[in-house]
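So you can see what is in the structure, the chains are spelled out below.
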Amino acid sequence: TSWFDISRLPISHRSAPHHGCSIEEALSSCGRVHAAIDKLVDEGIPPQNIVVGGFSQGGAMAMLSALTHPQRLGGTIVFSGICFFPDLVMKLAQYPENQGMQVFWGHGTRDEVLHPDLQDEGVEILQQAGLKVTSKKYMVEHGPTAQEIKDAAGFFATQAAPLK
């Protein structure tokens, strides 16, 4: 799924402003993610038990959707993603429902699509905004590893309290 336009790949921290990604399209796409979250809440799952995650563009959308959702969520999982909206993160992180949000970010050290330095840049942005980030690197290209999935599952288990 393409959530927003990207002017060119690969992307590194030296790429054009917003890394050539369309923030307007990304914000527009948040509605689809918010609808999925709201459906879970309507089914009885407390929002603080919902962790939004995604890979690549989906990782960016997971972060942005969690930060723009009106309720506090359990956290965000990012696999080889990108944070191309630093000014917006700083603004959204100030809302009470986002303060101290937990984020797991795993990224491949050999990723040639979204360069590993994007993780370093994104983690710094999120931490400066006051989010609590667990950051891990894996010996892989643009894709997850079994260990990354295991680490993300452990993060998920600590963020999403069991349903009663």
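Residues numbered from 1 in each chain as written. Predicted model: local features only at pLDDT ≥ 70, side-chain atom pairs only at ≥ 80, totals over all residues. Heavy atoms only, no water.

Here we take up the pattern of salt bridges. One pass over the structure, following the stated rule, counts three salt bridges. For E43, the salt bridge identified is with K39, shortest N-O distance 2.7 Å. Exposure class is identical for E43 and K39. Each is exposed. Two residues, K136 and D151, come together in a salt bridge whose shortest N-O distance is 3.8 Å. With K136 in strand 4 (residues 132–138) and D151 in helix 5 (residues 146–159), this pair connects stretches of sequence that are 15 residues apart. (Salt bridge = Lys/Arg side-chain N within 4 Å of Asp/Glu carboxyl O. Buried < 20%, exposed > 50% of the residue type's maximum accessible area, 1.4 Å probe, protein only. Helix = DSSP H or I, 4+ residues; strand = E, 2+ residues; numbered from the N terminus.)

Burial of strand 3 (residues 102–108) is extensive: six of the seven residues sit out of reach of the surface. One ladder, built from four bridges, connects strand 2 (residues 75–79) with strand 3; its direction is parallel. Residue pairing across strands places F79 opposite G106, the latter belonging to strand 3. A crossover connection joins strand 2 to the parallel strand 3 through helix 3 (residues 86–92); in handedness this β-α-β unit is right-handed. With seven bridges connecting them, strand 3 and strand 4 associate as parallel partners. (Pairing = 2+ DSSP bridges. Right-handed = clockwise from strand over helix to strand, strands pointing away.)

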